[in-house]
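Okay, here's what each chain looks like letter by letter:
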Amino acid sequence: MMRTHRCGDLRAEHAGENVTLCGWVDTRRDHGGVTFADLRDTAGLVQVVFNPDESMDAHAAAQGLRNEFCVRIEGEVRRRPAGTVNEKIPTGEVEVTASSVHVFSSADTPPFQVGEHQEVDENLRLKYRYLDLRRPSMQANLRLRHAIIGAIRRFFDAEGFVEIETPMLTRATPEGARDYLVPARLHPGAFYALPQSPQLFKQLFMVAGMDRYYQIVRCFRDEDLRADRQPDFTQLDLEMSFVEVEDVLDVTERMFKSVWADVLGVGLPDFPRIPYRESMERFGSDKPDLRFGMELIELSDTFAATEVRVFRSVLDAGGAVKAIVLPQGSELGRKDLDALVDEAKSLGAGGLVWASVTGEGLKSPLDKFFTGDERSGLVETTRAREGDLILIVADPRRSIVHKALGALRVRLAQRHDLIPRTERSDPDHWKFAWIVDFPWFEWNDEHEGWVPIHHPFTGVVEETLDHLDSDKEKVLSKSYDIVLNGWELASGSIRIHDGEMQSRMFDALGISRDEASEKFGFLLEAFRYGPPPHGGIAPGIDRIVALAAGEENIREVIAFPKTQSAYDPLTAAPAPVNDDQLKALHIKVVTPPKPAGGG
RNA sequence: GGACCUGUGGAGCAGCUAGGAGUGCUCGUCACCCUGUCAAGGUGAAGGUCGCGGGUUCAAAUCCCGUCAGGUCCGCCA
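The rules behind the values
Residues numbered from 1 in each chain as written. Chains lettered and ligands numbered in written order. Predicted model: local features only at pLDDT ≥ 70, side-chain atom pairs only at ≥ 80, totals over all residues. Heavy atoms only, no water. Helix = DSSP H or I, 4+ residues; strand = E, 2+ residues; numbered from the N terminus. Buried < 20%, exposed > 50% of the residue type's maximum accessible area, 1.4 Å probe, protein only. Contact = heavy atoms within 4.5 Å. Lys, Arg positive; Asp, Glu negative; His and termini not counted. Charge placed at Lys NZ, Arg CZ, Asp CG, Glu CD. Axes fitted to C-alpha atoms, helices over the stretch in contact; angles between N-to-C directions. Parallel < 35°, antiparallel > 145°, perpendicular 65-115°, else oblique. Left-handed = near helix turned anticlockwise from the far one by under 90°. Nonpolar A, V, L, I, M, F, W, Y, C, P; charged D, E, K, R; others polar. Pairing = 2+ DSSP bridges. Patch = residues over 30% accessible without salt bridge, like charges linked within 9 Å, V, L, I, M, F, W, Y side chains within 5 Å. Areas by Shrake-Rupley, 256 points an atom, 1.4 Å probe, with all protein chains shown as cover. Salt bridge = Lys/Arg side-chain N within 4 Å of Asp/Glu carboxyl O. Phe/Tyr/Trp six-rings, centres within 6.5 Å; stacked < 30°, edge-to-face > 60°. Lys NZ or Arg CZ within 6 Å of the ring centre and 35° of its normal. Core = buried A, V, L, I, M, F, W, Y, C linked by side-chain atoms within 4.5 Å. Near = heavy atom within 4 Å.

Digging into the overall build of chain A
So, point 1. A count of helical and extended segments in chain A gives 15 helices and 22 strands.
So, point 2. The dimensions of chain A, computed from C-alpha atoms along their principal axes, are 90 × 75 × 55 Å.
So, point 3. Considering chain A as a whole, with its 599 residues, one finds that 47% of them fall into the buried category.
So, point 4. A separation threshold of at least 6 residues defines the contact pool for chain A, and within that pool the share at least 24 residues apart is 67%.
So, point 5. Measuring between centres, the 71 positive side-chain charges of chain A sit 3 Å from its 96 negative side-chain charges.

In structure tokens:
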């Protein structure tokens, strides 16, 4: 037996025991005579004492130890002498008096100090990820991830779901995200694609009568990265037969409550349901952060008769004038206000009008153009108080107003510390919500056509089908999202299982029978053999864990993530391959590769 | 594809607005001292293409242009 205990597990009750520990040297404190070293393993730290009066050999060996050496220590657990207890660490009541030291392996001076005391450049952390992962916070994140996935599996097992794997080498889908392609050696000129999600396969499981399927599964999307987006990421994919919207919402909500109770010890309240349109009007987003107010306020009535040109032209064009109120925002200086205007413009708005509520009335670039009624109406409608700052966006396109104010709402709340600083153990820390009643279609400028907001197999709310030919934006889908603290955590829908209905939607999308057959033929064919009504949802595991861990970036909960340019500094992937490999794959590279990650 | 922020001994920063010798701080490393520290302490030392390239200037870490890398965001992500 190489060790008898883990460093971080030792407590006062072990006093008097002879133990053998394995771990890494965290720090060494050499007092000339007695020498201390903290030994770290996955369970935590414990102080080891090398006292020449106890063991000359051990003390001599300790002189050669350096940070991150991997060692085995034998010694006796002792209660620390009075006055030397370290309350900062769980093992602080005891220490181990070393009788022998064995060095498994020495270590070069690490490229950065393994500890929580300072932020280290992200590139460096990823290049030496194995050292980064030695840090207790990273170990805790990966253990939390494991715990959450374990809780998920226990939940679905108890609910009668079956976990089934789906292929990683599959067929490229023309719509949706860009695919990662894999050349097929045995089929010159043809390619597999890595799955964006197991969407079609899980629907086939329903046709196959599996009834309730789930999978913790890696998905791949070749799109630009964000704090919450990696090229390969993990989904909790699930699908159920003989269900309506309520059934999927019920099981998913219970799953989240179960996981939060199991892992975080938090009892979550029922998730509120917010219709998509309401979410856009109130928060300017379909993933609203509900931890704070600052809701968007409609000002069309306030300025209905206005002669202020920017508002007049927008209202005449059927656009929207809306505002948010930044509490105590009148403290902002001219420079900050100009920056806010630029920020609004960069979000697509034509501009931004600010108005400070001061003791002497409104202060605003447009104040001289406002009538008395407009001034008082603005303050009353927005309920702004003295010291507050009103930010107004007007645009002929209502969606632009929402997007700009929605983004500013979140950014300003963060900058001005308006999000309550609750503990993770506090149920109020977690503002889950369902977003429901999504439109089925949205207009796509690039394709100059209507495209599905979710995907083409999404069920339609029957009562809204009348609008299919006239007002496509009024057709609602049987889809739903879960949002948490401003992050989209899950997205799903009831699917179409009726061939005739599916044909109608393809027609509405301008997809011909041939085209549909070529793209999704195998699914459509399967649907000729008695498909059950079915639906599902796919929560993002990386996002769930990041939020649960209090991290702002999913890289912190992924063992080996990639940089924003989808590069892995550890393995230096992607990398060119040699000519033999290309030849076997019938591939000719036209643009000579430039080494990634250089500079 | 675009916007913004960042890049200074091994790590984290300051210096840049207003050009004047690689200047400073914290940590680490090495040597020596030190028997109760706990991110030990003390003394000393080593360690630098100021991301890279170009320009302006008598003079550039500092100003300008380009470029690379990291980050945040917009586009993109059915």
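A look at the packing of helix 5 (residues 199-207) against helix 13 (residues 513-526)
Packed helix pairs are characterised by how far apart their axes lie and by the angle those axes make with each other.
So, point 1. Two numbers describe how helix 5 lies on helix 13: the axes approach to 10 Å, and their chain directions differ by 15 degrees. In terms of orientation, helix 5 lies roughly parallel with respect to helix 13. At the point where helix 5 passes helix 13, the crossing takes the left-handed sense. On the side of helix 5, the interface is formed by Leu200, Gln203, Leu204 and Val207, while helix 13 contributes Phe520, Phe522, Leu523 and Ala526.
So, point 2. Looking at the contact of helix 5 with helix 13, its residues break down into seven nonpolar, one polar and no charged.

Section: the sheet that holds strand 21 (residues 487-494)
So, point 1. The eight strands lie next to each other as 6-9-10-22-21-20-17-11, forming an open sheet whose pairing is mixed. In this open sheet, the two strands that pair with only one neighbour each are strand 6 (162-163) and strand 11 (273-275).
So, point 2. Relative to the sheet, helix 7 (residues 276-283) contacts strand 11 and strand 17 (432-436), its axis offset from that of strand 11 by approximately 85 degrees.
So, point 3. Docked against the sheet, helix 14 (residues 541-549) engages strand 9 (212-220), strand 10 (232-241), strand 20 (479-484), strand 21 and strand 22 (534-539), running at close to 145 degrees with respect to strand 21.

Re a nonpolar patch on the surface
So, point 1. A cluster of nonpolar side chains, Met168, Leu169 and Tyr192, forms an exposed patch at the surface whose accessible area comes to about 240 Å².
So, point 2. Among the secondary structure elements, Tyr192 is positioned in strand 8 (residues 191-193).

Observations concerning the pairing of strand 9
So, point 1. With respect to burial, strand 9 is a largely interior element, seven of its nine residues being buried.
So, point 2. Where strand 9 meets strand 10, nine bridges bridge the pair, whose relative direction is antiparallel. In the strand pairing of strand 10, Cys219 is matched with Phe233.

Here's the deal with the side chain of Ser279
So, point 1. Residue position: Ser279 is located in helix 7.
So, point 2. On the basis of relative accessible area, Ser279 is assigned to the buried category, the value being 0%.
So, point 3. What Ser279 contacts, discounting residues up to four positions off in sequence, is Ile274, Gly284, Ser285, Asp286, Pro288 and Ile435.

Remarks on the packing of aromatic side chains
So, point 1. All chains considered together, the criterion is met by 21 aromatic pairs.
So, point 2. With 6.0 Å between their ring centres and 85 degrees between their planes, Trp434 and Tyr480 make a pair best called edge-to-face. Remark: Tyr480 occurs in strand 20 and Trp434 occurs in strand 17; sequence separation between them is 46 residues.
So, point 3. Under the relative-accessibility criterion, Trp434 is labelled buried at 0%.
So, point 4. An aromatic cluster is built from Phe256, Trp260, Phe271, Trp430 and Phe432, whose rings are joined through pairwise contacts.
So, point 5. Here the basic side chain of Lys257 rests over the ring of Phe271, its NZ or CZ set 6.0 Å away from the ring centre.
So, point 6. The positively charged end of Arg409 is found above the aromatic ring belonging to Phe292, 4.1 Å away from the centroid.

A look at the nonpolar core
So, point 1. Counting 46 residues, the largest nonpolar core has Ile152, Phe156, Leu236, Phe256, Trp260 and Phe432 as its most contacted members.
So, point 2. Every element with two or more residues in this core is listed here: helix 4 (136-158), strand 9, strand 10, helix 6 (245-264), strand 17, strand 20, strand 21 and helix 14.
So, point 3. Sequence-distant contacts of Leu236, that is, excluding residues within four places in its chain, are made with Ile152, Phe156, Tyr214, Gln215, Ile216, Met255, Ile537, Ala538, Pro539 and Ile541.
So, point 4. Residues Leu340, Val393, Ile400 and Ala413 belong to the second largest nonpolar core, which totals 27 residues.

A short note on the protein's contact with RNA strand B
So, point 1. Taken together, 56 residues lie around RNA strand B, and Arg80, Thr84, Glu95, His454 and Asn553 are the ones closest in.
So, point 2. Here the atoms of RNA strand B within 4 Å of the protein split so that 54% fall in sugar or phosphate, with bases taking the remainder.
So, point 3. Counting residues per element, the ones that place at least two in the surface near RNA strand B are strand 1 (18-30), strand 2 (35-41), helix 2 (122-127) and helix 11 (398-415).
So, point 4. Tallied by class, the residues present in the surface near RNA strand B amount to 13 nonpolar, 24 polar and 19 charged.

Topic: the sheet that holds strand 13 (residues 320-326)
So, point 1. What the five strands build is an open sheet, ordered 12-13-16-14-15; its pairing is antiparallel. Two strands bound the open sheet, and with one partner strand each, they are strand 12 (297-298) and strand 15 (361-363).
So, point 2. Bridging between strand 14 (residues 353-358) and strand 15 involves three bridges; their strand directions are antiparallel. Residue Ser356 lies in a different strand from strand 15, and its bridge partner there is Lys363.

With respect to the pattern of salt bridges
So, point 1. Under the counting rule described, the total for this entry stands at 49 salt bridges.
So, point 2. In this structure, Arg125 and Glu556 form a salt bridge, with 2.9 Å as the shortest nitrogen-oxygen distance. Residue Arg125 is located in helix 2, and its partner Glu556 is located in the loop between helix 14 and helix 15 (579-584); the two are separated by 431 residues in the primary sequence.
So, point 3. Its relative accessible area of 5% is what places Arg125 among the buried residues.
So, point 4. By relative accessible area, which is 11% here, Glu556 ends up buried.
So, point 5. Here Arg398 ties to Glu281 by a salt bridge, and the two come within 2.9 Å at their closest N and O atoms. Pair noted here: Arg398 is in helix 11 and Glu281 is in helix 7, with a separation of 117 residues, a long-range link.
So, point 6. Looking at Arg398, the relative accessible area reads 30%, which means it is partly exposed.
So, point 7. With relative accessibility at 24%, the residue Glu281 sits in the partly exposed group.

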